[in-house]
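# Geometric and topological summary
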Amino acid sequence: SKVKVAINGYGTIGKRVADAVALQDDMEIVGVSKTRPNFEAFIARDKGYDIYAPSDRMDSMKKADLSVMGTVEDMIDVADVVVDCTPGGVGAENKSLYEKHGVKAIWQGGEDHELAGFSFNAVSNYSEALGRDFVRVVSCNTTGLCRVISPLDKEFGVKKVRVSLLRRSADPGDIKKGPINAIVPNPVKLPSHHGPDVKSVMPHINITTTAVKLPTTLMHVHIVNIDFEKDCTEKDIEEVLSRQSRVRFVGQGISSTAEIIELSRDMLRPRYDMWENCVWNESISLYEKELYFFQAIHQESNVIPENVDAIRAMMELEKDGEKSIEKTDKAIGLI
Ligand code: NAD
């Protein structure tokens, strides 16, 4: 029988994880939780998901004529694993609930590493997640970095990594965040948290990062700089990255994040999601053994395949990370 998955927090990440899980043949969605009876709740209902709500929100749901199956606790009771996609910091409060109900849980990058005690990225440490009860899928930026650092490290040995992150400041549906006309060094006190976050997955990597927020909602862009132990050529780098299903080379007139999103729309990807890191392979350059390249990261969707793989590892549905990655990618239409 299929592994039963519940989504606690049906927002930007939660709704995408739900749809990706629903496409797998070894897992199913048994419920999604909503706090408000808004349009997203009604769409979720129309898609056929069972809706649950925190106990103090049940009345407002009923008043809006949205039928609710039960409380969040009821949802957890029917699940084998809960994917907590509540806003950063909120997820931590749910840990005791998951423990009480003896259910496995996945948190997202907005929570601290210590909450789950294990931070996950599919190509970097899939096998270490096998059978675990608690896992944290690292943030969009960290996922994007791990996907390129891990395979390059295995091949050439990474001496040090330096990254400048140019971050989108809000998601497209978010009307509350900014800036709308400024470039914001964030944080000003360096380094940014992204470097240490990569170390939560790969502790041996020497990495520091800096970040600025930009008035855009589409994607992040990373300027990646890596020093290697071994000699390698630009061609070698390109070859290693080309073998990664979750790295897509972009060219053919794509010179910006806007055109990447246009590409995704032309591909009829759901919600214009771009699950892969988009690497401008033309930018791959070595100067005195230091590698430089640009990559763009679609923050709303790149962690979605990793959540599916994390479920598969925790439930030991597949022991081999490469096989899980391929299965996930095929089911969602990435490959
Ligand atoms: P979001 O605000 O879009 O969605 C959160 C959802 O949780 C909302 O639907 C909200 O109503 C619901 N919610 C709030 N409190 C709740 C509660 N107590 N119980 C149940 N549901 C509750 O947030 P998001 O952007 O999807 O982020 C979720 C997590 O994913 C965070 O940890 C975030 O850091 C991480 N993340 C976000 C992005 C991104 O770009 N948006 C990328 C990677 C990781």
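These numbers were taken from a predicted model, which means no experiment stands behind them.

What counts and what doesn't
Residues numbered from 1 in each chain as written. Predicted model: local features only at pLDDT ≥ 70, side-chain atom pairs only at ≥ 80, totals over all residues. Heavy atoms only, no water. Helix = DSSP H or I, 4+ residues; strand = E, 2+ residues; numbered from the N terminus. Rg over C-alpha atoms; globule rule 2.2 N^0.38 Å. Buried < 20%, exposed > 50% of the residue type's maximum accessible area, 1.4 Å probe, protein only. Contact = heavy atoms within 4.5 Å. Areas by Shrake-Rupley, 256 points an atom, 1.4 Å probe, with all protein chains shown as cover. Lys, Arg positive; Asp, Glu negative; His and termini not counted. Charge placed at Lys NZ, Arg CZ, Asp CG, Glu CD. Core = buried A, V, L, I, M, F, W, Y, C linked by side-chain atoms within 4.5 Å. Domains from an automatic or database assignment. Near = heavy atom within 4 Å. Polar contact = N/O pair within 3.5 Å; in protein donor to acceptor, adjacent residues only side chain to side chain. Nonpolar A, V, L, I, M, F, W, Y, C, P; charged D, E, K, R; others polar. Buried area = accessible area lost by both parts, 1.4 Å probe. Pairing = 2+ DSSP bridges. Axes fitted to C-alpha atoms, helices over the stretch in contact; angles between N-to-C directions. Parallel < 35°, antiparallel > 145°, perpendicular 65-115°, else oblique. Left-handed = near helix turned anticlockwise from the far one by under 90°.

So, about the overall build of the protein. Scanning the protein from N- to C-terminus turns up 13 helices and 16 strands. For 335 residues, the compact-globule estimate of 2.2 N^0.38 gives 20 Å, and the C-alpha radius of gyration of the protein, at 20 Å, lies within 12% of that figure. With the principal axes as the frame, the protein shows a C-alpha extent of 65 × 45 × 40 Å. With 335 residues in all, the protein has 54% of them scored as buried. Here the analysis covers contacts within the protein between residues at least 6 apart in sequence; of these, 71% occur between residues at least 24 apart. A total accessible area of about 14,900 Å² is found for the protein, and carbon and sulfur atoms account for 50% of it. Measuring between centres, the 42 positive side-chain charges of the protein sit 2 Å from its 51 negative side-chain charges.

Before going further, it helps to spend a moment on the nonpolar core. Residues Val-5, Ile-7, Val-32, Phe-120 and Ile-311 are the most contacted members of the largest nonpolar core, which totals 45 residues. Residue contributions to this core peak at six residues, all from helix α12 (residues 304-314). Taken domain by domain, this core gets at least three of its residues from each of domain 1 (3-138 + 303-332) and domain 2 (140-297). Not counting residues up to four positions away in its chain, the partners in contact with Ile-311 are Val-3, Val-5, Val-21, Met-27, Val-81, Val-83 and Ile-106.

What follows covers the site of the ligand. Inspection of the region around the ligand gives 20 residues, with Thr-12, Ile-13, Thr-35, Arg-168 and Asp-171 positioned closest. The contact in question runs from an oxygen atom of the ligand to an N or O atom on the backbone of Tyr-10, over 3.4 Å. Side-chain polar atom of Thr-12 to an oxygen atom of the ligand: 2.9 Å apart, as the coordinates give it. Starting from 820 Å² of accessible surface for the ligand in isolation, the protein chains cover 78%. Classifying every residue of the shell around the ligand gives six nonpolar, 11 polar and three charged. There are two domains that each give the shell around the ligand at least three residues, and those are domain 1 (3-138 + 303-332) and domain 2 (140-297).

Under the domain assignment, the protein is made up of domain 1 (3-138 + 303-332) and domain 2 (140-297). Just the C-alpha atoms count here: the centres of domain 1 and domain 2 sit 26 Å apart. Counting from both sides, the interface comprises 24 residues of domain 1 and, opposite them, 19 residues of domain 2. Overall, the association of domain 1 and domain 2 removes approximately 1,700 Å² of surface from exposure, summing both partners, and the carbon and sulfur fraction of that is 48%.

What follows deals with the sheet that holds strand β7 (residues 119-120). Ordered by their spatial adjacency, eight strands build an open sheet running β4-β3-β2-β1-β5-β6-β8-β7, and the pairing between neighbours is parallel. Both outer strands of the open sheet, β4 (70-71) and β7, are each paired with one neighbouring strand and no more. As paired elements, β7 and strand β8 (residues 134-137) share two bridges and run parallel to each other. Each residue of the ladder has a partner; that of Ser-119, found in β8, is Arg-136.

Bringing the packing of α12 against helix α13 (residues 321-332) into the picture now. Across the interface, α12 lies against α13 with an axial gap of 9 Å and an inter-helix angle of 130 degrees. For the element pair α12 / α13, the angle class is oblique. Regarding α12 and α13, the two cross each other, and that crossing is right-handed. Listed contacts from α13 to Pro-305, Val-308, Asp-309 and Arg-312 of α12 are Ser-324, Ile-325, Lys-327, Thr-328, Asp-329 and Ile-332. Here the residues of the contact of α12 with α13 are counted per class, giving four nonpolar, two polar and four charged.

Turning to the packing of helix α1 (residues 12-22) against α12, a few remarks are in order. Interhelical geometry of α1 versus α12 gives an angle of 60 degrees and a closest axis separation of 9 Å. As the angle between them shows, α1 and α12 are arranged oblique. By crossing handedness, the relation of α1 to α12 is classed as right-handed. For the pair α1 and α12, contact is made by Ile-13, Arg-16, Val-17, Ala-20 and Val-21 and by Ile-304, Asn-307, Val-308 and Ile-311, respectively. A breakdown of the residues in the contact of α1 with α12 according to their chemical character gives seven nonpolar, one polar and one charged.

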